[in-house]
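# Descriptive structure summary
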Amino acid sequence: MVIQVNRRDIFKIAGVATLVGAIGFTAKNILNSPVGTPIKKLNSSLPKALKFLPTPPIDPALKTPGLTPLFTPNKEFFRIDIGNGIPNISLDTWKLKIGGMVDHPSEFTYKELTSRPIYELDATISCVSNEVGGKLAGNARWTGISLDDLIREAGPSKNADQVMSFSDDGFSAGFPIAALDGHGAMIAFGMNGDPLPLENGYPARVIVPGLYGYVSATKWVNRIDITRFDQEQGFWIPRGWSAKGPVKLQSRIDTPQASGFFTSKPVTAGKNVIAGVAWSSLKSIARVEVRINNDPWVSATLGPELAATTWRQWWVDWNAIKGSSSITVRAIDSSGEIQTSNITPTVPNGAEGWHTINVKVS
Ligand SMILES: Nc1nc2c(c(=O)[nH]1)N[C@H]1C(S)=C(S)[C@@H](COP(=O)(O)O)O[C@H]1N2
Ligand SMILES: [Mo]
């Protein structure tokens, strides 16, 4: 097959998000775009987990203004769609079909799926089109059922290597069957204690820790096929993005903000805090280091670790001196890997490089 890279499509992964983020009108139009009856959530309540995760620790963001909260509120969660609106789903007729190269094709109603063992998973998901320092990542406590179990029961063929999921908006995503390896991949119904918001996949979506959303996180999912990478491709793959999409080791400075035309919080000399978040694919964040100008790297204090599948907040005190300062951050994971300084663009499999900001102190 010939892979054509269409630049307009490449920009679209980020494009809709930018529009939705910046312009309320666009978000509204997208929400209302499917013709027919207006979409609303049909009296689903979130199925109760059999085993709840422990109550999360106190969020360090409460005492560090500007730091990203440990959990991203649903209303503030980033949103990436291909732009075809939200499928018009009725909970009464919605089904999840499992097929392709399996011994036991099957289909499940919402009631059947939510009668399976329910559990919670803390996981950070992120978009491959997130620029270094970008905000296209969010952390949530997801409620759902085991995707590992669902696929195992279907009996995948030994010749298959890909799990492809589909939605009626035309989106599809494929990831290695090998990623269903006990890291908690799920069909999620809930997000931070509420049913999934419509924008984030109600009534059900796929969540696979460690993988970018474009290869895994199908919202409004209604079909999963077991296939082969050399026979089927997810939506973004013929549009120039890599077939495999493990999340890269990343760190970001949330506060202070880089000085510029739009800086809302100028930095004054004296006591300040530099803070942000760092995340990786499936490894813990072991260390975060901050460098101010050409000083030696300083180890940041790390916030609580919910799980290896979530981001970690970090912060360091900074005695700011009048003038111009450059601040750089890098993360080190539990295998000792140091986040690379090599700058790589988002296309085809995720941006790399250190986040550096320039700050004017007055
Ligand atoms: N049905 C559907 N699912 C989708 C997408 C989409 O366009 N349609 N975008 C994917 C991409 S690229 C990402 S990064 C995540 C974003 O999830 P969110 O919108 O809940 O943040 O959803 C994924 N799932
Ligand atoms: Mo994405």
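These figures come from a predicted structure and were not determined experimentally. (Residues numbered from 1 in each chain as written. Chains lettered and ligands numbered in written order. Predicted model: local features only at pLDDT ≥ 70, side-chain atom pairs only at ≥ 80, totals over all residues. Heavy atoms only, no water.)

## Examining the nonpolar core
Definition in use: Within this scheme, the nonpolar core is defined by two criteria: the residues are buried Ala, Val, Leu, Ile, Met, Phe, Trp, Tyr or Cys, and they are joined through side-chain atoms within 4.5 Å. Relative accessible area decides the class of each residue, using a 1.4 Å probe on protein chains only: under 20% of the type maximum gives buried, over 50% gives exposed, and in between gives partly exposed. Elements are defined by DSSP. Helices are runs of H or I of four residues or more, strands are runs of E of two residues or more, and each kind is numbered from the N terminus. Segment limits for the domains were obtained from an automatic or database-derived domain assignment. We call two residues contacting when some pair of their heavy atoms lies within 4.5 Å.
One finds Trp-142, Leu-147 and Ile-187 to be the most contacted residues of the largest nonpolar core, which totals 68 residues. With five residues, strand β7 (residues 186-191) is the single largest residue contributor to this core. Counting the residues that make up this core, at least three belong to each of domain 1 (7-239) and domain 2 (250-361). When sequence neighbours within four positions are dropped, the list of residues in contact with Ile-187 reads Leu-96, Thr-143, Gly-144, Ile-145, Leu-147, Leu-150, Ala-204, Arg-205, Val-206 and Ile-224. Formed by 20 residues, the second largest nonpolar core is a distinct cluster that contains Ala-278, Ile-285, Ile-327 and Val-359.

## So, the site of ligand 1
Our working definition: What makes a residue near a molecule or strand is one non-hydrogen atom of that residue sitting within 4 Å of it. Each polar contact in these results corresponds to two N or O atoms within 3.5 Å; when the atoms are within protein, one needs to be able to donate a hydrogen and the other to accept it, and residues that are neighboring in sequence are counted only if both atoms are side-chain atoms. Where accessible areas are quoted, they stem from the Shrake-Rupley method and a 1.4 Å probe; at the residue level, only the protein chains shown are allowed to cover. Think of it as three bins: nonpolar holds Ala, Val, Leu, Ile, Met, Phe, Trp, Tyr, Cys and Pro, charged holds Asp, Glu, Lys and Arg, and polar takes everything else, Gly as well.
Ligand 1 sits among 18 residues. The nearest are Phe-78, Ile-82, Asp-169, Arg-205 and Lys-219. Within the backbone of Ile-80, one N or O atom sits 3.0 Å away from a nitrogen atom of ligand 1. Between ligand 1 and Arg-205 there is a distance of 2.7 Å, counted from an oxygen atom to a side-chain nitrogen or oxygen. When isolated, ligand 1 has an accessible area of 530 Å², and the protein chains bury 100% of it. Taken together, the residues that form the shell around ligand 1 break down as nine nonpolar, four polar and five charged.

## A look at the pairing of strand β1 (residues 95-100)
A regular strand places its side chains on the two faces of the sheet in alternate fashion. Which entries qualify depends on this criterion: The pairing criterion for strands is at least two bridges between them, as found by DSSP.
Here β1 runs beside strand β2 (residues 106-109); their pairing, made up of four bridges, is antiparallel. Note that in β2 the partner of Lys-95 across the bridge is Thr-109. Where β1 hands over to β2, the hairpin turn is made up of five residues, counted between the paired strands. Pairing analysis gives four bridges linking β1 to strand β10 (residues 221-227), with the strands arranged parallel.

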